Amino acid sequence: MSVDVAPVEHAFEEVAPPKGRHGAAAWVSWIARRLGLAVLTLWLVSILVFVATTALGDPVRAILGKDYNSDKARVAQLTAQLNLDESLVTRYFHWLGNFLTGDFGTSIANQQPVAGQIGDNVVNTLVLVAISAIVMIPVAFGIAMISTNYRRRRPDTVIQTILLMLAALPEFVVGILLVAIFSTTVFHWLPAVTISGPGQHPWNEPKTMILPVATLVLAVAPYVSRIVRANLLEVLDSDYVELARLKGIPERVVMRKHALLNAIVPGIQVIALQLAWLAGGVVLVEKVFNYPGVGNQLVDSVQNHDVPMVQALTLIIAGVYVVVNLVADLLSILLTPRARTAISS
Amino acid sequence: MSATADRATPAPTPAPAERSTFQKMLRQKRFVFGGIITLAVALFALFGPLFAPYGENEVVGPPYSSQGVFGTDYLGQDVLSRLMYGGTEVLIIALLATVLSTVFGTLIGVIAAYGGGWWDEVIMRLNDVLLSFPQILLALVVLTSIAQPKAWMLVVLVGLSNAPRTARIARGVALGLVSRDFVHAAEALGEKRSRVIVAEVLPNMNAPLLAEAGLRLTFSIGLVAAIGFLGITTDPSAANWGQMINENRLGLATQAWAVLAPVFVIALFTIGTNLTADGIAQVNQRGGDD
Amino acid sequence: MTNDNGSTPEGARFSRRQVFQYSGIAAAAVGGASLLDACGSDSGGGGGGGGTGGILVHGATGGSAKDTLDAHRPVQNADIARCFQLYEPLLYWDHNYEVQSAVAESVTPSADAKTWTIKLRQGVTFHNGKDVTPEDVLFTLQRVAGKEPTSAGVALAPIIDFDGTKKVDASTVVIKLKTPYAVLQYLLAEYTLGVVPADYDPAKPVGTGPFKYKSFSPGKNSVFVRYDDYWGDKAKVDEVHIQDFADPSAQVNALQAGQVQTIDNLPYNLINTVKGQAGQIIEAESGAWVPFTMRVDSAPFTDVRVRQAMRLICDRQQMIDNALSGKGRVGNDMYAPFDPAYAKDLPQREQDIDQAKSLLKAAGQEGLQVQLFTGDDIGSVAPASAALFVEQAKKAGVDVKVVKKNPFYGDDYLSYPFGQDFWNTRNYLPQAAVGVLKGGTYNETHWDKAPEYPKYAQLVASAAAEVDETKRNSILQDAQKIEYDSGGYIIWGFRTQVDAVSQKVQGLKPSKFQPLGNYDFKTISISS
């Protein structure tokens, strides 16, 4: 899946602040409302995750595979461990209670605590996403500024068309193309997969990070860049900038001081939402590069029917999504003077 | 060429549908170019099987050899022939899923917008829950519990996972409409709510929804291909672009065409639909002055 | 069947006396080796083993969060590779698929093959420094074949009599059987029967193998360090890292990039790729097979003519050429090709579409439609051969629809009317015990429901009790004839074991039994 659009728009709407209240009280009530909604969303997600994962069929058989018929001891042990004889509702609340107290359960595939196994992968994915973001932000803004500079002329159109094409490509297609170009078919410059030794992280071998990061940047940057450009154009066409121009301020300064600052708010929000998207969207990219992150682990766990792992991983991903959404909203309110005044006045 | 105020904001401000919209689209280079690509790939996918030099599963030589235009695949089947066979299913599933998500999403969005108040709040909150579940994740969790998915299951899954996204757009567009005069007029005349929606609100949403549908089609193609890429398939021996990538990935260094050929058609297809969708969106936004 | 070093004349193997003799030879050889080794480690000081030292990174096929270090529950290739480093059974299968002695110095049956005396090798120690005692062996047998047998003990559990199985003296154990079993050495040589100490804890695994446990992260990697007090040839490398690869293309890429030095089960269609990129291919004939399985108690396969027709439909050479890239030998619907009893005189079955059609017509099954169940978890050869079979069946007017199960080894495993499976190298009797006999764990063809079964089962039972090898083989050949004529397997070939190692790897000998010379990492040295 390529970058999705709808949530961005959603965030813009939600920014609409409550009216007619005063000062701090209004702030508190606004934040409380948003927090409440976030918690509600997470709770509904947890139900969805739980129901979806328990619908996976008999996990015991799936785990033991060919050994199901010969290893009765493990069958009994796993059935007990999964509480498969209790009702769905009881199991759900039992699980939710444990989850809230930080007990993610025990992986049924290998009998080790889920939390311990997820930790490293979460870090790996976060680092991958963070590096991608650090690379992506200047790239996206840079391209947007170049494009705006040539606005409505040929270079702008060409850039926009290329961005539009890149935005259309599914990320695994981008990943495979990069592997073909840089690792296997055309050149042999970069490793095609990530391999990290025991106790190591992928970035200990920085070369292996290049292609996964490049893939994610190519998946996200076109979209961010287009939004930033649109905002830049809007600002540049505004009376406010026109006035600056009339005052004789050079175009370059206008661009940097006036336009960019005003375009940054929606930019932040888009970036935040893209980061949230990345947390789930890395599944395919991690799969292409065998990157030891949550996405790869999730695919593995789903195939193993490792219910506690799938539950923990999906909830974490959904949680990241909701939290980042919330932060993006807060940031845009704080950074938009109009919205700020609307809340507190 | 004067691509004017090319705003890329995802939610096009609703413009009343005009008779000449399609003519305006035709004057859009992006729309025409994207449309031609989309049409070409679609024709290739639909009629490919009629012109394929070999059968879908015919063994024509040793695995990963260079016989034929694109060589052979992991099993010694002709890559070009499989490419020609492998698009029909991707195309049809993606198309039907898009239709489903558009119909379903529009309904949800319009009901929320028109219902307002609690209706709006509850529906959109549930919508958010579905949105916070990455699509590929939903697909993975559901599809692994099914031994071998039927094609209609993929349609439903992809369609429903797209629906909340369409619903959001539809609600935005409908919100702008429900407060307009002609709706009020219809209500004042005592028309039933459902009739107002069907007769007054929906027809006026056409153009923005068409752009949204184009976008959904792009993502649906990607998602259907991604599902195949993860090795989930309706028929393991049948040719399917996503699955071909999965089957032949190992041969990327040996016989790159077995992977790159399907990769390129998927890329072309998504680029085509995205350009088309963008063309439509632009016409909506600024009346297509070219 | 070939005999790489030509050491043993066929048909003379595994006789009771010879087990004893082999063990003597092996012991002598080991003695010599240890002597040399002792010199090496003395002079080498900390360098160790007289080898080159260094770290060997093995890229294992498969592996997931399900990985285990349990000596008796290995599931996939990565688990098996780890087993070979940590543990050793009483006996073991050597490179030529012949039984040799390991932790046991000798294994000697009584004349009626009901009482087996096991003499333990002196000086074999666990990684915790303790000597191997009869108590440890008894614990191991209980753990594997006791009340809750593991899959390793399925063949042993029904025949072992724990009341009579006991310690005789400080280095001798006697295994008592309920019924005679003339080839117990086959079972004792399985890698799933590694000897573990009586206080065994899989979380802190201890065995007698050439490497000891250092760390383990399921689905990712595990580290083992050389065990310097190993009784046999000590390892040359200092450490072995076993890295899991769920994705074969990642595995091959890693080899090419020099990130791993060995990989097992190289996909067949990549042999030329790896060769071209400065890797070495390790090939060995194996007895591993990926059959089609037909349930003899499920329509339309209840009719023996349908089963025969399906066997005649199969183009065995094309299977080998396209599913195995030519790396394999044509099969004849019988398993255990390395068993001295293998019925190699039966005529080779070939594709015969006309004959198949007329059999189907006679059975009233013209235009037959069947579903063929397959899955990725069987291994990549299975879906490939399934796809090939679809096309081959078309020629006989049979419409085969492939259904991919995920997982294949799930709820419906063993109930697929027409499916696939994978089997590794095994001799006839142990294979029959798990695969076709009543009560066998993986009785996928439901052969026990066939009308021919009583006669077959009686033959197998009498063979198991027959201590005279020539007579036993002849009885087993009669049993194989029945399966050849009316069994539920389509065994189209035996695959060649193909593994790849980097150019830097030296000293690895191919094996007919398991990949990479039975994962014999202790023999590997790495040049820089």
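Since this is a predicted model, take the numbers as computed values, not measurements. (Residues numbered from 1 in each chain as written. Chains lettered and ligands numbered in written order. Predicted model: local features only at pLDDT ≥ 70, side-chain atom pairs only at ≥ 80, totals over all residues. Heavy atoms only, no water.)

Considerations on the overall build of chain C
Step number 1: Across its full length, chain C holds 14 helices and 21 strands.
Step number 2: Out of the 528 residues in chain C, the part that is buried amounts to 63%.
Step number 3: Summing over all exposed atoms, chain C offers an accessible surface of approximately 18,400 Å²; the carbon and sulfur share of this is 51%. (Helix = DSSP H or I, 4+ residues; strand = E, 2+ residues; numbered from the N terminus. Buried < 20%, exposed > 50% of the residue type's maximum accessible area, 1.4 Å probe, protein only. Areas by Shrake-Rupley, 256 points an atom, 1.4 Å probe, with all protein chains shown as cover.)

Concerning a nonpolar patch on the surface
All names here are of chain B.
Step number 1: On the surface, a nonpolar cluster with roughly 820 Å² of combined accessible area is contributed by Leu39, Leu43, Leu46, Phe47, Leu50, Phe51, Ile92 and Leu96.
Step number 2: Those elements that provide at least two residues to the nonpolar patch are helix H2 (29-51) and helix H4 (87-115).
Step number 3: Among the elements that make up the nonpolar patch, the one with the highest residue count is H2 (6 residues).
Step number 4: Here Leu39 lies in helix H2.
Step number 5: Given the relative accessible area of 56%, Leu39 is considered exposed. (Patch = residues over 30% accessible without salt bridge, like charges linked within 9 Å, V, L, I, M, F, W, Y side chains within 5 Å. Salt bridge = Lys/Arg side-chain N within 4 Å of Asp/Glu carboxyl O.)

Notes on the pattern of salt bridges
Residues and elements named next belong to chain C.
Step number 1: For the coordinates displayed, the defined rule picks out 30 salt bridges over all chains.
Step number 2: Residue Arg73 is joined to Asp70 by a salt bridge in which the shortest nitrogen-to-oxygen separation is 3.3 Å. For the pair formed by Arg73 and Asp70, the shared burial category is buried.
Step number 3: Each of Asp67, Asp79, Arg82 and Asp244 takes part in one network of salt bridges that share partners.

Quick look at the domain arrangement of chain B
Residues and elements named next belong to chain B.
Step number 1: As far as domains go, chain B holds domain 1 (27-87 + 239-290) and domain 2 (88-232).
Step number 2: Here the C-alpha centre of domain 2 lies 27 Å away from the C-alpha centre of domain 1.
Step number 3: At the interface, 23 residues of domain 1 touch 18 residues of domain 2.
Step number 4: Each partner contributes to the roughly 1,700 Å² buried at the junction of domain 1 and domain 2, and carbon and sulfur atoms together form 69% of this total.
Step number 5: Between domain 1 and domain 2 we count 0 salt bridges in total.
Step number 6: Our enumeration of links across domain 1 and domain 2 arrives at 6 residue pairs in polar contact (both at pLDDT 80 or more).
Step number 7: Where the side of domain 1 that touches domain 2 is concerned, the elements lending two or more residues are H2, helix H11 (241-248) and helix H12 (257-286).
Step number 8: The biggest single contributor to the side of domain 1 that touches domain 2 is H12, with 9 residues. (Domains from an automatic or database assignment. Contact = heavy atoms within 4.5 Å. Buried area = accessible area lost by both parts, 1.4 Å probe. Polar contact = N/O pair within 3.5 Å; in protein donor to acceptor, adjacent residues only side chain to side chain.)

Quick word on the sheet that holds strand S17 (residues 418-420) of chain C
Residues and elements named next belong to chain C.
Step number 1: Read from one edge to the other, the open sheet built from 3 strands follows the order S17-S13-S18, with strand pairing classed as antiparallel. Each edge of the open sheet is held by one strand with a lone partner, namely S17 and strand S18 (489-490).
Step number 2: Taken together, the 3 bridges between strand S13 (residues 292-294) and S17 define a ladder with antiparallel strand orientation. Each bridged residue has a counterpart across the sheet, and for Thr293 the counterpart in S17 is Gly419. (Pairing = 2+ DSSP bridges.)

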